[in-house]
Amino acid sequence: ELDRLVEAGDWEGVVLAAAKYEGASDAGSTQNQSSLGDRDAEMRVSEIRAEVEALVRRVIPDEIDNIDEMMLQFEGREQELVETLRTMQERSVAQRARAAVHQSA
């Protein structure tokens, strides 16, 4: 589902889908959300953009040219974008680990 949304450039949909995934797999997600406001206040937009760029390069490198559009769509909610990309990265790492286990078995 996330892959389809990314390909379509539907960043709002990506956030919603990632939130569903995070809620289903991470019991500590409420703690993450409660600290969202604190971290958002601490990070400047330029720092957030740098983190978004680094995460996009790792998670969805084909979308590197769309960072400006992502930042515009999430203006005022930049930390939400960062958290979504982190969730996507965690999901990707977990999928690769599962694939490696299946290959070795």
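Our structure's up above, just so we're on the same page.
Just so you know, these numbers come straight off a predicted model, no measurement behind them.

A.B. asks: Residue-level account of the nonpolar core, with values.
C.D. replies: Trp-11, Val-52, Val-56, Ile-60, Leu-81, Leu-85 and Met-88 are the most contacted members of the largest nonpolar core, which totals 20 residues. Where this core is concerned, the elements lending two or more residues are α1 (2–8), α2 (11–25), α5 (45–59), α6 (67–73) and α7 (78–104). Broken down by element, this core gets its largest block of residues, five residues, from α5.

A.B. asks: Break down the pattern of salt bridges for me, with residues and values.
C.D. replies: Counted under the stated rule, the structure contains five salt bridges. Here Asp-68 and Arg-49 are joined by a salt bridge, their closest N and O atoms 2.9 Å apart. Here the residue Asp-68 occupies a position in helix α6, and Arg-49 occupies one in helix α5, the gap between them amounting to 19 residues. Given the relative accessible area of 48%, Asp-68 is considered partly exposed. Across the salt bridge formed by Glu-80 and Arg-77, the nearest N and O atoms sit 3.1 Å from each other. Looking at Glu-80, the relative accessible area reads 28%, which means it is partly exposed. One connected set of salt bridges, linked through shared partners, spans Glu-51, Glu-83 and Arg-86.

A.B. asks: Got a sec to walk through the environment of Leu-5? Specific residues and values, please.
C.D. replies: Among the structural elements, Leu-5 can be located in helix α1. On the basis of relative accessible area, Leu-5 is assigned to the buried category, the value being 7%. C-alpha of Leu-5 to C-alpha of Val-15: the two residues are 10 residues apart in sequence and 9.6 Å apart in space. Once residues lying within four places of it in the same chain are set aside, the contact partners of Leu-5 are Asp-10, Gly-13, Val-14 and Ala-17.

The rules behind each value
Residues numbered from 1 in each chain as written. Predicted model: local features only at pLDDT ≥ 70, side-chain atom pairs only at ≥ 80, totals over all residues. Heavy atoms only, no water. Core = buried A, V, L, I, M, F, W, Y, C linked by side-chain atoms within 4.5 Å. Buried < 20%, exposed > 50% of the residue type's maximum accessible area, 1.4 Å probe, protein only. Helix = DSSP H or I, 4+ residues; strand = E, 2+ residues; numbered from the N terminus. Salt bridge = Lys/Arg side-chain N within 4 Å of Asp/Glu carboxyl O. Contact = heavy atoms within 4.5 Å.

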